[in-house]
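The primary structure of each chain is shown beneath.
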Amino acid sequence: MNRKLEGPIARDSSSGFDFLDGMNPRLLSNNLLIPYMIAVWEEFFQAMFAACLRYSKQRESALKRAKLSHSDLEKLAIGSVQVERSIADFFSFQRPSAIAETFRLLDPKLNLSTPLRKPYRRRRVSLYDSIESLVERRNELVHAGNLDLRLFDKQLETTMGDLTEAVNRAYDYIAKHYGFVPIHDY
């Protein structure tokens, strides 16, 4: 990360005093990146679900569960949105548990929690559980304004690495399940 946060309060470690850490611009900046990262995560899975839905032979259960609003139907009628994308917009793609449940609508054998629960770097906490926790922290920030006073640069880089690894694992799992070659040159 190439941010230049200067001054005695912009520390990259805890001062030992929560009231001082709460004013640390580095911690504020790091915490503000969490909702952005979760939004990117959510968009990836939403777009992937829409693509899988388009070509799925078992799309009926997803179509039944999606409750499209009058506004959604209007957009479909004028052709400003694809049917699959409109249906994908109905579902939540923040939590790994919700993502796995939603993708199972397309195929009961497609369990996205499997690749996320596999061990990662000898950690005790799986990617699945760490991302569930990350979504909780995101909600704490967005809905209650609570900063994570432990989210220094090293922890933020770990979080970004975890999300990247989780997306790659899920993408590879979906590619293997549907029999296509994943493209990782992004």
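Anything mentioned here points back to the structure above.
Owing to the predicted nature of the structure, the values given are computational and were not obtained by experimental measurement. Throughout this document, residue positions are counted from 1 along each chain, in the order its sequence is written. Local features in this predicted model are restricted to residues of pLDDT 70 or higher, and side-chain atom pairs are both shown and tallied only at a pLDDT of 80 or more, whereas totals for entire chains, interfaces and linings draw on every residue. Derived side-chain values reflect all non-hydrogen atoms in the structure, with water molecules and hydrogen atoms excluded from consideration.

Asks: Any details on the side chain of Glu132? Residues and values, ideally.
Replies: Counting from the N terminus, the helices are the DSSP runs of H or I reaching at least four residues and the strands are the DSSP runs of E reaching at least two. With respect to the helices, strands and loops of the structure, Glu132 is situated in helix 8 (residues 127-144). Under the scheme applied here, a residue whose accessible area is under 20% of the maximum for its type counts as buried, over 50% as exposed, and between as partly exposed, the area being computed with a 1.4 Å probe on protein chains only. On the accessibility criterion, Glu132 (15% relative accessible area) is buried. Here a polar contact means two N or O atoms within 3.5 Å. Within protein one must be a hydrogen donor candidate and the other an acceptor candidate, and residues neighboring in sequence count only if both atoms are side-chain atoms. Side-chain polar atoms of Glu132 contact the side chain of Arg95, separated by 3.2 Å. A polar atom in the side chain of Glu132 sits 2.8 Å from the backbone nitrogen of Ser97. Pairs of residues are marked as contacts when any of their non-hydrogen atoms sit within 4.5 Å. Not counting residues within four places of it along the chain, the set of residues in contact with Glu132 comprises Arg95, Pro96 and Ser97.

Asks: Can you explain the packing of aromatic side chains? Please cite residues and give values.
Replies: To pair, rings of Phe, Tyr and Trp, with the six-membered ring standing in for Trp, must have centres within 6.5 Å; the planes then decide the type, stacked if under 30 degrees apart, edge-to-face if over 60, and tilted in the middle. Applying the stated criterion to the full structure yields 10 aromatic pairs. Here Phe49 and Phe93 contribute two aromatic rings whose centre-to-centre distance is 5.5 Å and whose plane-to-plane angle is 50 degrees, an arrangement assigned as tilted. In this pair, Phe49 sits in helix 2 (residues 25-55) while Phe93 sits in the loop between helix 5 (83-90) and helix 6 (96-104), placing the two residues 44 residues apart along the sequence. Of the two residues, Phe49 and Phe93, both sit in the buried class.

Asks: Residue-level account of the layout of surface pockets, with values.
Replies: Detection works on a 1 Å grid of protein atoms alone, calling trapped sets that fit a 1.4 Å probe cavities and calling open sets with protein on both sides within 12 Å along at least five of seven lines pockets, with lining residues defined by an atom within 4 Å of a point. Grid points are joined across faces, edges and corners, and a volume is the space filled by probe spheres set on the points. Volume-wise, the largest pocket comes out at about 270 Å³. Arg137, Gln155, Thr158, Thr159 and Asp162 are, among the 13 residues lining the largest pocket, the residues nearest its centre. Of all the elements in the fold, those that place two or more residues in the lining of the largest pocket are helix 8 and helix 9 (153-178). Looking at the lining of the largest pocket, the element that brings in the most residues is helix 8, giving five residues. In this classification, Asp, Glu, Lys and Arg are treated as charged, Ala, Val, Leu, Ile, Met, Phe, Trp, Tyr, Cys and Pro as nonpolar, and every other residue, Gly included, as polar. For the lining of the largest pocket, a count of residues per class yields three nonpolar, five polar and five charged. Put simply, the second largest pocket is a space of about 210 Å³. Secondary-structure elements contributing two or more residues to the lining of the second largest pocket are helix 2 and helix 9.

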